[in-house]
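Chains, contacts and geometry: an overview
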Amino acid sequence: MSRSAPLVPSALPVLLTAFLLTACGAGVHGTPGAEGLRDPYFPKAGNGGYDVTHYDLRLDYAPGSGAPRLTGEATLTARATQSLSAFDLDLDGMDVQSVEVEGSAARWNRDGQELTVRPRHDLDRGETFRTTVRYRGTPRTLTDPDGSHEGWLPTRGGALALGEPVGSMAWFPGNHHPSDKATYDITVTVPKGLRAVSNGELRSERTSGDRTAYAWHTGEPMATYVATVAVGRYDISRSTAPGGLPVYTAVAPTEAKASRKVLARIPEIIEWARYNFGPYPFSSTGVIVDRPDTAEYALETQNRPVFPGTPDLETLVHELVHQWYGDSVTPRSWRDMWLNEGFATYAEWLWGEDHGGDSAQRTFDALYDHGEDDDPDLWAFPPAKPSGPGHISDTPVYQRGAMVLHKIRQTVGDDRFYDIVQGWAAAHRHGNADTAQFTAYVEKMAPHQDFSTIWADWLYGEGKPAHR
Ligand SMILES: [Zn+2]
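The residue numbering used here restarts from 1 in each chain and proceeds along that chain's sequence as written. Owing to the predicted nature of the model, reporting of local features is limited to residues with pLDDT of at least 70; listing and counting of side-chain atom pairs is limited to 80 or more, with chain, interface and lining totals taken over all residues.

Let's shift gears to the overall build of the protein. In terms of regular secondary structure, the protein is built from 10 helices and 23 strands. Our radius of gyration looks at C-alpha atoms and nothing else; its globule reference is 2.2 Å times the residue count to the power 0.38. Taking 23 Å as the expected radius of gyration for a compact globule of 468 residues, we find that the protein reaches 24 Å, a close match to that expectation. Summarising its shape, the C-alpha atoms of the protein cover approximately 85 × 60 × 40 Å along the three principal directions. Two residues qualify as a contact pair if the distance between their C-beta atoms, derived from the backbone, is within 7 Å. In the protein, once contacts between residues fewer than 6 apart in sequence are set aside, the share between residues at least 24 apart is 66%. Secondary structure is summarised from DSSP: a helix means a run of H or I of at least four residues, a strand means a run of E of at least two, and numbering begins at the N terminus for each.

Quick look at the environment of L115 now. As for its placement among the helices and strands, L115 is situated in strand 8 (residues 114-118). Considered as a pair, L115 and G174 are 59 residues apart in the sequence and their alpha carbons are 9.4 Å apart. Among all residues touching L115, those that are not within four sequence positions of it are D88, L89, L91, V96, W108, R110 and P173.

Bringing the domain arrangement of the protein into the picture now. Marked domain ranges trace back to an automatic or database domain assignment. In terms of domain boundaries, the protein breaks down into domain 1 (50-233) and domain 2 (329-459). Just the C-alpha atoms count here: the centres of domain 1 and domain 2 sit 33 Å apart. Contacts between the two partners involve 9 residues from domain 1, matched on the other side by 12 residues from domain 2. Here the term charged refers only to Asp, Glu, Lys and Arg, the term nonpolar to Ala, Val, Leu, Ile, Met, Phe, Trp, Tyr, Cys and Pro, and the term polar to all other amino acids, Gly among them. In the side of domain 1 that touches domain 2, the residues fall into 5 nonpolar, 1 polar and 3 charged.

Let us now look at the nonpolar core. Side chains of a nonpolar character, in soluble globular proteins, are inclined to be buried together. Definition of nonpolar core: a set of buried Ala, Val, Leu, Ile, Met, Phe, Trp, Tyr and Cys residues joined via C-beta atoms within 7 Å. Between the buried cut of 20 or more and the exposed cut of 12 or fewer other C-beta atoms within 10 Å of a residue's own C-beta lies the partly exposed class, and all C-beta atoms are placed from the backbone. Within the largest apolar cluster, 114 residues are counted, with the highest numbers of intra-cluster contacts made by V117, V188, V306 and V321. A total of 9 residues in this core trace back to one element, the largest contributor, which is helix 5 (residues 338-354). Residues within four places of V321 in sequence aside, it is in contact with A273, F277, F343, A344 and A347.

Turning our attention to the UniProt feature "domain: Peptidase M1 membrane alanine aminopeptidase" (unreviewed entry) in the protein. The positions that UniProt labels "domain: Peptidase M1 membrane alanine aminopeptidase" (unreviewed entry) are, in the present scheme, residues 314-458. Overall, residues 314-458 shows 62% helix and 4% strand. The separation of its end C-alpha atoms is 24 Å. UniProt positions are given in the numbering used here, feature names are shortened, and annotations may be inferred rather than shown by experiment.

In this description, strands pair whenever DSSP reports at least two bridges between them. The pairing of strand 5 (residues 95-101) with strand 9 (residues 128-137) spans 6 bridges and is antiparallel. Across the sheet, V99 pairs through a bridge with V133, a residue of strand 9. Bridging between strand 5 and strand 6 (residues 104-105) involves 2 bridges; their strand directions are antiparallel. Counted as the bridge partner of E100 is A105 from strand 6. What sits between the antiparallel neighbours strand 5 and strand 6 is a turn of 2 residues, in which E102 has the positive phi angle 50°.

Moving on, we get to the UniProt feature "domain: Aminopeptidase N-like N-terminal" (unreviewed entry) in the protein. What UniProt calls "domain: Aminopeptidase N-like N-terminal" (unreviewed entry) maps, in this numbering, to residues 53-226. Secondary structure across residues 53-226 divides into 0% helix and 61% strand, with the first and last C-alpha atoms of the span separated by 16 Å.

What follows is about the sheet that holds strand 4 (residues 84-90). In a beta sheet, neighbouring strands pair by backbone hydrogen bonds and run either parallel or antiparallel. Reading across from one edge, 1-4-8-7 is the order of the 4 strands in this open sheet, with mixed pairing throughout. Strand pairing shows two members of the sheet lacking a second neighbour, strand 1 (31-32) and strand 7 (107-111), which therefore form its edges.

Axis angles are defined between N-to-C directions and span 0 to 180 degrees, where every axis is a line fitted to C-alpha atoms and, for a helix, only to the segment in contact. Relative to each other, helix 4 (residues 313-321) and helix 5 sit at 130°, their axes nearing to 8 Å. The orientation of helix 4 relative to helix 5 falls into the category oblique. Taken as a pair, helix 4 and helix 5 cross one another with a handedness that is right-handed. In this structure, helix 4 uses E314, V317, H318 and V321 to contact helix 5, whose residues at the interface are F343, A344, T345, A347, E348 and W351. Tallied by class, the residues present in the contact of helix 4 with helix 5 amount to 6 nonpolar, 2 polar and 2 charged. Roughly parallel means an angle under 35 degrees; roughly antiparallel means over 145; roughly perpendicular covers 65 to 115; every other angle is labelled oblique. Put simply, a crossing is left-handed when the front helix is turned counterclockwise from the back one by less than a right angle, and right-handed when it is turned clockwise.

Looking now at the sheet that holds strand 18 (residues 235-241). Spatially, 18-19-20-21 is the arrangement adopted by the 4 strands of the open sheet, whose pairing is mixed. Edge strands, defined here as strands with exactly one partner in the open sheet, are strand 18 and strand 21 (306-308). Going from strand to strand, the sheet's axes swing by 15° on average, the running direction of each strand aside. Across 7 bridges, strand 18 lies against strand 19 (residues 245-251) in antiparallel orientation. Bridged to A241 within strand 19 is L245. Against the sheet, helix 2 (residues 256-263) makes contact with strand 18, strand 19 and strand 20 (285-290), and its axis sits at roughly 155° relative to strand 19, the strand it touches most.

Written out as structure tokens, the structure reads:
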């Protein structure tokens, strides 16, 4: 252990002075962790110098008649990956009340989304340490580079938290980059009569006076961008899928009737996906179906994807398959977004093929021949190289991403293709992976095939490939 450089009083014995200088010379002093992880699209997202292993979030939410109020206490357990004199957390908005590291008050300051924490004592490399941040305020709704909204979305009498790519920093301080995954306990206290739904499994529900606390536990690693909280009035249904997998659905009462039929297919979709993609990666599943005006898009929040309004079957399949590709195998950076969306989109094609719809080949051909009629941006950039942070959710990432997978399938045949997609989910289960790892994996699984044209033209090449 070392301390921040102390002032040495002139009366201090020479020997002790020498000792302190030696300690400095031995290089045991920490340095500040980086303020970002240099993501190619969101360079300030995440922070250097530590790795979070667990988030314990205690939130109290009052929707109220005026500005909604969130009071939070976030305790992060993290491991230092370098000796640290200071480190950053990402938090956008909210008023910070106090920060403690290992039980001692820490100095802190804020600059934009960076909350810089200076612990009283330097942290050693490899040390596990706990940081508690107390904060309150009205959480922000953030506007993404593509104009869509995320973060904390107030709803009629409640709220919905969505975090792709960086919205979760609006409601809790953390290491908000997909490369740092952790387990979670999220406890949300709300006015009695409302429900708070989150990721993982509901451990307890306790009413005291006019407030009810819902405690949720996520035991498998989760990226911050797929963390969620939904507060409101929901019809709750609990059931089990084959194999005993718990299914927990929360549906806005206005959507209950319309969604009954499609949600009844969740067990069947999970079974189909297990058969194609391997074991389901988490301890529970389900959905949150909110009112149509709460959000602009569905999101694959872990265990329990969120839908604004009753989903159609294809969208339900898409978000549930994201549990394998996106939530369990998570991109190493936002450049690798196609590893999420290409897979989830291709799963829609496969579902159609397996259920009396068009074959994936036919879907591919229709896109190749006429895709730009539906979206002129289909060929705007290659899936593995989005043209900027405002384009990581554009059509090429989804549709061209799915076309890359179809090209692989054409090359290796069905048996090997399913070995590849299942093997990929198994090899990086609960972890992170990037595009270079994916192409290397495909080449390893089919060593006698040549993929160089697929990579060059379909994955990384500009414009519409000349050959299908
Ligand atoms: Zn998706």
